[in-house]
Structures are given as C-alpha cells and as structure tokens.
Amino acid sequence: ELFVSDLAKCANADQQYRPVGKFPAIVRDIALVVALNTKTQDIVNVMEASGGKLLIDTELFDYFQDEAMRDVQTKSLAFHLVFESPERTLEDKEVDTWMNAIVQALEEKDWEVRK
C-alpha cells in the first residue's frame, strides 16, 4: 500500500529547465574504483567542481563489483560526462583539458581512475 500524499511530502528534487542546445554536446565516459562506502554524490560533486562551466550533466551508468572487489571492499563506478556550450561548438582539446582536471581532482581523493 502506498500513500502518494506521504511520498509527495518527501519529494524535493530540484527541477531545472535548460533549452535544447544549438550546438552539439560532447560525451565522455570515466570509470573509477573507490572504497565500497564512497558515496556516488561525493564523486559527482568532485567532478562538477573541477569540470568547469561547460560540464552540464553527469550520469552514473554502471556499477560493478566482482568477487575480488568484494574481498577488498571496493566497487567500480562509470559515468557519462556531458560537455556543451550554448555559444559554440566545443573542440576536443578543450574537453580534454577539463577531463584532465577532473581526473586529477579524483586522483587527489585517492580514487583510482581506470584508464
């Protein structure tokens, strides 16, 4: 039995409107191995803080843990990172610069970025 009114009280998701971009987005994937107790939101916060203003979206698309990872209490997470400019088409080298900054910030947290 569900009480929709009770669920609605708990809903606090922020809704953001963003017009459809005129210029193509660039999507990059990144995967990392982290401690089992690491919160996904903490990872997203680091990526968004270091990804620059052109990083418009981060999306977790894979969670993986095998027997060996369970033994050492780690997990693998993979994300899509979407870069887009409202003013122009981005170049790969620009996105590479932001990706390098993201990788560096993640590694500073002692999270293993898979390459």
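Rules used in this analysis
- Residues numbered from 1 in each chain as written.
- Predicted model: local features only at pLDDT ≥ 70, side-chain atom pairs only at ≥ 80, totals over all residues.
- Heavy atoms only, no water.
- Pairing = 2+ DSSP bridges.
- Helix = DSSP H or I, 4+ residues; strand = E, 2+ residues; numbered from the N terminus.
- Axes fitted to C-alpha atoms, helices over the stretch in contact; angles between N-to-C directions.
- Buried < 20%, exposed > 50% of the residue type's maximum accessible area, 1.4 Å probe, protein only.
- Lys, Arg positive; Asp, Glu negative; His and termini not counted.
- Salt bridge = Lys/Arg side-chain N within 4 Å of Asp/Glu carboxyl O.
- Polar contact = N/O pair within 3.5 Å; in protein donor to acceptor, adjacent residues only side chain to side chain.
- Contact = heavy atoms within 4.5 Å.
- Arc of directions from axis to C-beta.

Chemist: Which residues make up the sheet that holds strand β2 (residues 55-64), and what values do they have?
Modeler: Reading across the sheet, the four strands line up as β2-β3-β1-β4 and stay open at both edges, with antiparallel pairing between neighbours. This sheet does not close on itself; its edge strands, each paired only once, are β2 and β4 (112-114). Here the average twist between neighbouring strands, direction ignored, is 30°. Bridge count for strand β1 (residues 26-35) against β4 is three bridges, and the pairing is antiparallel.

Chemist: Lay out the side chain of K75 in plain terms, naming residues and giving numbers.
Modeler: Mapped onto the elements of the fold, K75 is located in strand β3 (residues 74-83). Buried charge K75 goes without a salt bridge, the closest partner of opposite sign being D42 at 9.1 Å. Looking at K75, its side chain comes within polar contact range of the main-chain oxygen of L36, at 3.3 Å. When near neighbours in sequence (up to four residues on either side) are disregarded, K75 contacts L32, V33, V34, A35, L36, T38, Y63, F64 and M69.

Chemist: Now, about unusual backbone geometry: what can you tell me, with residues and values included?
Modeler: Phi is positive for Q73, close to 60°, though the residue is something other than glycine. Classification of Q73 by relative accessible area gives partly exposed; the value is 46%. Notably, D110 is not glycine yet its phi reads approximately 65°, a positive angle. Of note, D110 is situated in the loop between α4 (92-108) and β4.

Chemist: Outline helix α2 (residues 40-50), supporting the account with residue identities and numerical values.
Modeler: For α2, every residue scored as buried is listed here: I43, V44, V46, M47 and S50. The buried residues of α2 occupy an angular sector of 160° when the element is viewed end-on, so they sit on one face. Its buried side turned inward, α2 meets β1, β2, β3 and α4. Downstream of α2 by a residue or two, G52 has a phi angle that is positive, lying close to 80°.

Chemist: Explain the environment of Q65 to me, using residue names and the numbers behind them.
Modeler: You can see Q65 is positioned in the loop between β2 and α3 (67-71). A residue is classified by how much of its surface remains accessible, and Q65, at 19% relative accessible area, is buried. Q65 sits 29 residues away from L36 along the chain, and the two C-alpha atoms are 9.3 Å apart. Beyond its immediate chain neighbours, meaning those up to four positions away, Q65 contacts L36, R70 and T74. Here the side chain of Q65 touches T74 through a polar contact of 2.9 Å, landing on its backbone oxygen.

Chemist: I'd like a description of the pattern of salt bridges, backed by residues and values.
Modeler: Under the counting rule described, the total for this entry stands at six salt bridges. Close ionic contact of E94 with R88 constitutes a salt bridge, the shortest N to O distance being 2.8 Å. Among the residues examined, E94 registers a relative accessible area of 22% and is labelled partly exposed. Residue R88 is classed as partly exposed on the basis of its relative accessible area, which comes to 35%. Overlapping salt bridges bring together R28, D92 and D96 as one network.

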